[in-house]
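Structure assessment
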Amino acid sequence: MNFLATLYPAYAEIFLLVMVCTILIVDLFVADPNKTVTYLMVQLTLLGCSLITVGTHQHVVAHLFHNMFVDDLMSDVLKLLSYLAISMMLVYSRSYLLVRGLFTGEFMVLALFALLGMMVMISASHFLTLYLGLELLSLSLYAMVALQRDSALATEAAMKYFILGALASGLLLYGMSMLYGATGTLEVNAVSDAITRGVPNTQLLVFGLVFIVSGLAFKLGAVPFHMWVPDVYHGAPTAMTMLIGTAPKLAAFAFVMRLLVESMQPLMVHWSGMLLILAVLSMAVGNISAIAQTNLKRMLAYSTIAHMGFLLLGVLSGGVEGYGSAMFYAVVYVLMSLGGFGMIMLLSREGFEADTLNDFKGLNQRSPWLAFIMLLLMFSMAGVPPTVGFYAKFAVLQSVVMTGHIPLAVAAVLFSLIGAFYYLRIVKLMYFDAPESHVPISIQPDSGLLISANGLAVLALGIMPGTLMSVCAVSVRQSLLLVH
Amino acid sequence: MILGLPVLSVAIWLPIIFGILVLATGGDRNAPLARSIALAGAILGFLVTLPLYTGFDKMASAMQFVELRDWVVRYHIHYHLGVDGISMLFVLLNSFFTPLVVIAGWKVIEKRVAQYMAAFLIMSGLVNGVFASLDAVLFYVFWEAMLIPMFIIIGVWGGPNRVYAAVKFFLYTLLGSLLMLVALLYLYNQSGGSFEILDYHQMAIPMTAQILVFIAFFTAFSVKVPMFPVHTWLPDAHVEAPTGGSVILAAIMLKVGAYGFLRFSMPIAPDASHKLAGVMIALSLIAVVYIGLVALTQTDMKKLIAYSSVSHMGFVTLGFFIFNAYGVEGALLQMISHGFVSGALFLCIGVLYDRVHSRNIADYGGVANTMPVFAAFFMLFAMANSGLPGTSGFVGEFMVIMGAVKANFWYAFLAASTLVFGAAYTLWMYKRVIFGAVANHHVAELKDITAREKLVFAILALTVLGMGLYPLPFSEILHTSVNDLLVHVARSKL
């Protein structure tokens, strides 16, 4: 068998890396300040990646590079969604960044590198691969946050993000090293086998687990490791915030699956308790703090924290039901936040950021259609049917009730009630209040079309959620088969 | 089936589609077009529900007009519709009110007409969905979704304190709904993976679980009814909502909560219902007596009618939880009658408010001198509200009181006090507003109701009188379903 053919499952990553390098060079010769050529190349690269991922899909799980890399259904689904998220992010942010002079080749190259990091994370079946993917993602993001170098706020955000991110990586590595000490391996499946066989030093194992969970919580932004989230979301230019807040959550979900489920399923009694605390605290702090925010980006940051808490509820319930619902939740969350941040960028214009709550006042009078889309997004985040946010919450709650944690389910719904308040406030501002500004809203046709599609997708998936739910369940089931 | 289409689906989706069409007319430039489409949609929406009545088999116990399709296969959720004697009349009642509300808002609503009309049409379809759903998740989706248009209606076209009222309305109802969702998920897991409401009816549930399930449903439905002590959102919402909003709230929304007790709480948790009946009866009687007294002291007409609604709905829940045929049937008739009467009263107040822009009783007096036709209609509805024999208000109240006497004399005694209080607060308000000398120049300048308003009131007046004099067409629909329900509830599920 020739060497290239053995790389078959990793073609998408390889293609992306080649293309990133090509774009990096080509961009040097693009004189056009609008960077149209680069932009189109990036979008075509993403399209190419999707085609390759679909084309190289296999019904069996394939391992590669001495078990360091895995290609299964879950990885393919998550990768496809990540391409979509990145592509949408670029469409939304193009005009926003152009007027701010930030739509540079570096921005796009860094975004693609971040994507490559996510793909590596999603497909990792070895702790080192996981870590490499994570660092590639994080380093690209740090740089992107700092890209607007004359903004004090962005620089501060980048600094915070970097320091806390490095700390989290350190925690993670430390945990992994202890795991290595206890089991003698870093391979995901081998760790699982070793734990099942029994290790001499369980204490070391659990100690390592604590560090790993803390590192994960940092990356997810779960309370009490959430401090960086609001500052970074607020400080970074909105396009970067959108990037941080969307696709990486899919990678983070894969990260949780590979680390906690595929390699440490036997330790579930230990980690599910930790996740329980993280989940409840995240929902409480996230939802309650969001009420006090006047800046929409900060509000969405706290809402992210709350959403991550909800997602963790699915993970800690376990089983196809639990992990499947968590994956569905992650996908839905990404779709909703793309729309939310997209709306902020659409309403922004040169020299003006539409990121405070007051900027949404009277939107229904300025543009009924955009207000309606935002209404769908907000009700979806609040989990009100007939939007897809309802089914995301529904699936997670179902897995929680199924495992018998009814008080937990009640707590979760009470926190979502608190959450509903601040989403409602946006609707209130848009529909009930008079506009503060009468500047006409000018929207590029591409991003206008995309936001409409995005909002309507939230509605359509809410009416017909079946397929996506099944896809999530099937992908998770395949990963779980590996464990047992 | 009408024209090969399933009736219930048409009753749900036709108004929604028309609502979207109305929205598509865009800004206020096209307001006349929006109004016409809305009226056409509302009238069509009512007409398509008529086959439900004509084709209804009064003797059958099973659900009728059933539609069953897969929806979300992974969770065994079905698109399952059907009506029995209990729910069918409410689909009709709801569809009947939509054209009236559209006509009532014809001239009054001037800003964002399309959105206003569309919100009512969409809500009408969603409410039909609530009454017709036989799948718990489908029910929940409709139940929650109807909050969105109502929230917008109160918040956009409401009075000065509308934002507070809208948010309070939404959060109150959401709290109850979310707990109900947990209860539904519990039942789903216990039943081995079914969201069929009718499966839950047959399922054995231990006592503790029944009580918890009952409480979860209670929070959802009691907020909507509303029962004492969670009624406080209602006066706020009613007062601040535009006339059409108040009408739909009083005539339809409150019925949704009461309907929930009959479809969910009582048949799913019959033992808990019996065990907690004392509490329910106590809360109902407090609503009847105490809220009746509260209504007496109101100075705002809309608030007065709002409290009167709470008091009347106390009658309804009382009727349910004495578990006899008189009580339940009477309560259902009371619900329908209250729909007509309270809707009509809110329209009456709307007529005055459109002209004088005040809801205060003190700002009126002697309206009979300037608006004699209006005063006559108002008189009829006020009498119906106080339960005068010959009007629809009497039938239900009388039956509930009869049922209550069978259960316990003192229940009936306290419940019957509503005949006194109801007459007192309604007629006293009527006297202060309508009779006496002309109070001020606003009243002196009043013009009597227009042909459009006359039409609306005439339709309602005929219905109120018709139902009062000959309630059989309504009650015969209920018999079989109510008897089945009572037989079912009497069996223990432990």
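Here the structure is a predicted model, which is why all the values come from computation and not from measurement.

Here we come to the overall build of chain A. In terms of regular secondary structure, chain A is built from 21 helices and two strands. By the compact-globule yardstick of 23 Å for 484 residues, chain A fits well, its C-alpha radius of gyration being 21 Å. With respect to the principal axes defined by its C-alpha atoms, chain A has extents near 70 × 60 × 40 Å. A burial count over chain A gives 65% of its 484 residues as buried. Carbon and sulfur atoms provide 70% of the accessible area of chain A, an area that totals close to 16200 Å².

It is worth spelling out the overall build of chain B at this point. Within chain B, the secondary structure is distributed over 22 helices and two strands. Taking 23 Å as the expected radius of gyration for a compact globule of 494 residues, we find that chain B reaches 21 Å, a close match to that expectation. Principal axes of the C-alpha set define a box for chain B whose edges measure 70 × 55 × 40 Å. Across the 494 residues that make up chain B, the buried fraction comes to 66%.

Right, let's get into the packing of helix α12 (residues 243-268) of chain B against helix α22 (residues 472-490) of chain B. Residues and elements named next belong to chain B. Contact geometry of α12 with α22 gives a least axis separation of 9 Å together with a crossing angle of 25°. Judged on the interaxial angle alone, α22 and α12 are roughly parallel. Judged by residue contacts, L262, M266 and P267 of α12 engage L485, H488 and V489 from α22. Across the contact of α12 with α22, the residue classes break down as five nonpolar, one polar and no charged.

All right, on to the interface of chain B and chain A then. Listed as interface residues are 34 residues of chain B and, on the opposing side, 39 residues of chain A. Of the roughly 3300 Å² buried where chain B meets chain A, counting both sides, 78% is carbon and sulfur surface. Among the residues chain B hides against chain A, the three largest losses belong to B:R74, B:Y75 and B:V182. Together they make up 19% of the total. Across the chain B-chain A interface, the total number found is one salt bridge. The residue A:E321 makes a salt bridge to B:R74 at a minimum N-O spacing of 3.8 Å. In this assembly, chain B and chain A are joined by five residue pairs in polar contact (both at pLDDT 80 or more). Where the side of chain B that touches chain A is concerned, the elements lending two or more residues are β1 (64-72), α6 (136-145), α7 (147-157) and α8 (162-190) of chain B. It is α8(B) that provides the largest number of residues to the side of chain B that touches chain A, a total of 16 residues. Taken together, the residues that form the side of chain B that touches chain A break down as 27 nonpolar, three polar and four charged.

Here we take up the domain arrangement of chain B. Residue and element names in this part refer to chain B. We note that the domain assignment places domain 1 (1-70 + 82-141) and domain 2 (146-490) within chain B. The gap between the C-alpha centroids of domain 1 and domain 2 is 21 Å. Between domain 1 and domain 2 the total buried area reaches about 4600 Å² when both faces are included, carbon and sulfur atoms providing 78% of it. Looking only at domain 1, the three residues that lose the most surface to domain 2 are I86, F97 and Y140, adding up to 15% of its buried area. Applying the counting rule to domain 1 against domain 2 returns two salt bridges.

The next subject is the nonpolar core. In terms of nonpolar packing, the biggest core is built from 393 residues, with A:W271, A:Y391, B:F97, B:F320, B:F374 and B:F381 touching the most fellow members. Among the elements that line this core, the one with the most residues is helix α15 (residues 319-347) of chain A, at 19 residues. In terms of domain composition, this core takes at least three residues from each of domain 1 (1-70 + 82-141) and domain 2 (146-490) of chain B.

All names here are of chain B. With 17 residues, helix α2 (residues 31-47) extends 24 Å from end C-alpha to end C-alpha; this agrees with the ideal 24 Å at 1.5 Å per step. For α2, every residue scored as buried is listed here: A31, A34, R35, A38, L39, G41, A42 and G45. In an axial view of α2, the angular spread of the buried residues amounts to 165°, which keeps them on one side of the axis. Close packing links the buried residues of α2 with α1 (7-24), α4 (85-104) and α5 (113-132).

Bringing the environment of A:G389 into the picture now. Along the chain, A:G389 turns up in helix α18 (residues 388-402). Setting aside residues up to four positions removed in sequence, A:G389 forms contacts with A:V332, A:M336, A:S380 and A:G383.

The next thing to look at is unusual backbone geometry. Here A:V223 and A:P224 are connected by a cis peptide whose omega angle stands at 5°. Tracing the sequence through the fold places A:P224 in the loop between α9 (202-220) and α10 (228-235). The omega torsion across A:P385 and A:P386 is 5°, close enough to zero to call that bond cis. With respect to the helices and strands, the residue A:P386 is situated in the loop between α17 (368-382) and α18. With phi around 55°, B:F65 is a residue other than glycine that occupies positive phi space.

Residue and element names in this part refer to chain B. Following both chains from N to C, one finds helix α13 (residues 270-296) and helix α19 (residues 409-434) inclined at 25°, their axes separated by 9 Å at the closest point. Between α13 and α19, the angle is such that the two are roughly parallel. Between α13 and α19 the crossing geometry is left-handed. Every residue of α19 that contacts α13 at I281, L285, V288, V289, G292, L293, A295 and L296 is listed here: Y411, L414, A415, S417, T418, F421, A424, Y425 and W428. The residue inventory of the contact of α13 with α19, partitioned by class, reads 14 nonpolar, three polar and no charged.

Per-residue pLDDT for chain A has a mean of 89; in total, 99% of the residues score no lower than 70. Here helix α1 (residues 3-6) of chain A is the element of chain A with the lowest mean pLDDT, 78, and helix α5 (residues 105-122) of chain A is the one with the highest, 93.

The next subject is the state of the cysteines. All names here are of chain A. This model, assessed by the stated rule, comprises zero disulfides over all chains. The cysteine C21 is free of any disulfide, with C49 supplying the nearest cysteine sulfur at 13 Å. Overall, C21 belongs to the partly exposed group, its relative accessible area being 38%.

Another aspect to go through is the side chain of B:T243. All names here are of chain B. Turning to its location among the elements, T243 is positioned in helix α12. You can call T243 buried: its relative accessible area is 18%. Setting aside residues no more than four positions away along its own chain, T243 makes contact with K302, F346, L347 and G350.

On to helix α6 (residues 127-145) of chain A. Taking 1.5 Å per residue as the helical rise, α6(A) with its 19 residues ought to reach 27 Å, and the 27 Å between its terminal C-alpha atoms agrees with that figure. Counting buried residues in α6(A) gives 14 out of 19 residues, a clear majority hidden from the surface.

A separate point is the pairing of β1(B). Residues and elements named next belong to chain B. Here six bridges tie β1 to strand β2 (residues 77-83), and the two strands are oriented antiparallel to one another. What sits directly across from R69, in β2, is Y79. Adjacent in sequence and paired antiparallel, β1 and β2 are bridged by four residues, among which H76 carries a positive phi angle near 55°.

Once that is clear, we can look at the packing of aromatic side chains. In this structure the tally under the stated criterion is 58 aromatic pairs over all chains. Geometrically, the ring pair formed by A:F390 and B:Y140 is stacked, given 5.3 Å between the ring centres and 20° between the ring planes. You can see A:F390 sitting in helix α18 and its partner B:Y140 sitting in helix α6, one on each of two chains. Both residues of the pair, A:F390 and B:Y140, count as buried. Three or more aromatic residues link up through ring pairs in this structure, and these residues are B:F139, B:W143, B:F214, B:F217, B:F218, B:F221, B:F261, B:F264, B:F321 and B:F323. Of note, A:R349 hangs over the ring of A:F352, and the distance from its end group to the ring centre comes to 4.3 Å. Over the ring of A:F310 we find A:K393; its NZ or CZ atom is 5.1 Å from the centre of that ring.

Reading the values: the criteria
- Residues numbered from 1 in each chain as written.
- Chains lettered and ligands numbered in written order.
- Predicted model: local features only at pLDDT ≥ 70, side-chain atom pairs only at ≥ 80, totals over all residues.
- Heavy atoms only, no water.
- Helix = DSSP H or I, 4+ residues; strand = E, 2+ residues; numbered from the N terminus.
- Rg over C-alpha atoms; globule rule 2.2 N^0.38 Å.
- Buried < 20%, exposed > 50% of the residue type's maximum accessible area, 1.4 Å probe, protein only.
- Areas by Shrake-Rupley, 256 points an atom, 1.4 Å probe, with all protein chains shown as cover.
- Axes fitted to C-alpha atoms, helices over the stretch in contact; angles between N-to-C directions.
- Parallel < 35°, antiparallel > 145°, perpendicular 65-115°, else oblique.
- Contact = heavy atoms within 4.5 Å.
- Nonpolar A, V, L, I, M, F, W, Y, C, P; charged D, E, K, R; others polar.
- Buried area = accessible area lost by both parts, 1.4 Å probe.
- Salt bridge = Lys/Arg side-chain N within 4 Å of Asp/Glu carboxyl O.
- Polar contact = N/O pair within 3.5 Å; in protein donor to acceptor, adjacent residues only side chain to side chain.
- Domains from an automatic or database assignment.
- Core = buried A, V, L, I, M, F, W, Y, C linked by side-chain atoms within 4.5 Å.
- Expected span 1.5 Å × (residues − 1).
- Arc of directions from axis to C-beta.
- Left-handed = near helix turned anticlockwise from the far one by under 90°.
- pLDDT = per-residue confidence, 0-100.
- Disulfide = S-S within 2.5 Å.
- Pairing = 2+ DSSP bridges.
- Phe/Tyr/Trp six-rings, centres within 6.5 Å; stacked < 30°, edge-to-face > 60°.
- Lys NZ or Arg CZ within 6 Å of the ring centre and 35° of its normal.

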